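# Reading the structure
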Amino acid sequence: MLPMLIQLLPKGTSLVKRLLDILITISALIILSPILILISILVAIFHGFPILFRQERPGYRGKIFTIYKFRTMRDSFDKSGKPLPDQKRLTKFGTFLRSLSLDELPELINILKGEMSLVGPRPLLPAYLPLYNAEQARRHDVLPGITGWAQVHGRNALSWQEKFDLDVWYVDNQSIGLDIKIIGLTLLKVLKREGISQPGQATAELFKGNPPKTSGKDADSQY
């Protein structure tokens, strides 16, 4: 089953980084298999079926793929049939999964398929693609990751601009040594449960685009 999933060298990564991704991912799937089975059972009990949350995300060069996560919310709707806000659908068990990033474990499948890497800018929503400026769009010059430079510097506690700046910094400075450092820092962050969400949000506020640039004349008129 696993050999059929594995793409050996997808675009957006190096051979050494890809080999490291495959080695760590297969090892993690084997070692964590009892935990994955247990979480799957508990998700079915607390959230029902399907067990996995699937959503389209942009990957390398903006190519769309389907990301996999454990479900952390119930399918709850208001009287008109519209889904309730995320904060009201997120369960205590889902919050626990998110606090330890256990909901992200199915993304190991995305890594084997060559759609993601262990380390890289997080894959966000397709709706954000036309909202990026040219510099921010460079975050798609590499494969997206389960964790990244932005995640170990504040995760969802950061502003969007701070996240994008850190993502682009990673693109320009990526190396195997840096990836190993990020993986180590990620483990520490997970244990400390830092930056899980923004205040009043289930995760983070939606990105609505960059503020318009203010000309010098307009800026002076504000004072």
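Figured I'd write up the structure that's included with this text. (Residues numbered from 1 in each chain as written. Predicted model: local features only at pLDDT ≥ 70, side-chain atom pairs only at ≥ 80, totals over all residues. Heavy atoms only, no water.)

## A look at unusual backbone geometry
The residue after Phe49, namely Pro50, is reached through a cis peptide bond having omega 0°. You can see Pro50 is positioned in the loop between helix 3 (33-47) and strand 1 (52-58). At Arg61, a position not held by glycine, the phi torsion is positive, near 55°. Note that Arg61 resides in the loop between strand 1 and strand 2 (64-70). Judged by its relative accessible area of 58%, Arg61 is exposed. The phi angle at Ser101 is positive, at roughly 60°, despite the residue not being glycine. (Helix = DSSP H or I, 4+ residues; strand = E, 2+ residues; numbered from the N terminus. Buried < 20%, exposed > 50% of the residue type's maximum accessible area, 1.4 Å probe, protein only.)

## Re the packing of helix 2 (residues 15-31) against helix 8 (residues 176-192)
Close contact between helix 2 and helix 8 brings their axes to 10 Å; oriented N to C, the two are set at 30°. With respect to helix 8, the element helix 2 is oriented roughly parallel. Where helix 2 crosses over helix 8, the handedness of that crossing is right-handed. Taken together, the residues of helix 8 that come into contact with helix 2 (itself represented by Val16, Lys17, Leu20 and Ile24) are Ile176, Asp179 and Ile183. For the contact of helix 2 with helix 8, the per-class residue count stands at five nonpolar, no polar and two charged. (Axes fitted to C-alpha atoms, helices over the stretch in contact; angles between N-to-C directions. Parallel < 35°, antiparallel > 145°, perpendicular 65-115°, else oblique. Left-handed = near helix turned anticlockwise from the far one by under 90°. Contact = heavy atoms within 4.5 Å. Nonpolar A, V, L, I, M, F, W, Y, C, P; charged D, E, K, R; others polar.)

## Let's talk about the side chain of His47
Looking at the secondary structure, you find His47 in helix 3. Within polar-contact distance, the side chain of His47 engages the backbone oxygen of Arg71 at 3.0 Å. Residue contacts for His47: discarding those within four places in its chain leaves Leu42, Arg71, Thr72, Met73, Arg74, Thr91, Phe93 and Gly94. (Polar contact = N/O pair within 3.5 Å; in protein donor to acceptor, adjacent residues only side chain to side chain.)

## A word on the pattern of salt bridges
A full pass over the atoms with the stated rule returns eleven salt bridges. The shortest N-O distance in the salt bridge between Asp75 and Arg71 comes to 3.5 Å. Judged by relative accessible area, which is 7%, Arg71 ranks as buried. Across the salt bridge formed by Asp172 and Arg138, the nearest N and O atoms sit 2.2 Å from each other. With a gap of 34 residues between them, Asp172 in helix 7 (residues 160-173) and Arg138 in the loop between strand 3 (117-119) and strand 4 (145-147) connect regions that are remote in the sequence. By relative accessible area, Asp172 is classed as partly exposed at 47%. Among the ionic contacts, a cluster of salt bridges with common partners joins Lys69, Glu104, Glu107 and Arg122. (Salt bridge = Lys/Arg side-chain N within 4 Å of Asp/Glu carboxyl O.)

## Some remarks on the side chain of Thr25
Note that Thr25 resides in helix 2. At a separation of 2.6 Å, a polar atom in the side chain of Thr25 contacts the main-chain carbonyl oxygen of Asp21. Dropping the residues within four chain positions of it, Thr25 is found in contact with Leu108, Ile111, Leu112 and Leu118.

## Here's the deal with the nonpolar core
If you look at the biggest cluster of nonpolar residues, it comprises 28 residues, and the most contacted ones within it are Ile39, Phe70, Leu97, Trp149, Tyr170 and Ile182. Put simply, the parts of the chain that give this core at least two residues each are helix 2, helix 3, strand 2, helix 5 (92-99), helix 6 (107-112), strand 3, helix 7 and helix 8. Ignoring anything within four residues of it in the chain, the contact list for Phe70 reads Leu36, Ile39, Ser40, Val43, Ile51, Leu52, Phe53, Leu97, Leu102, Asp103, Leu105 and Pro106. Judged by nonpolar contacts, the second largest core, of six residues, contains Leu124, Tyr132, Phe164 and Phe207. (Core = buried A, V, L, I, M, F, W, Y, C linked by side-chain atoms within 4.5 Å.)

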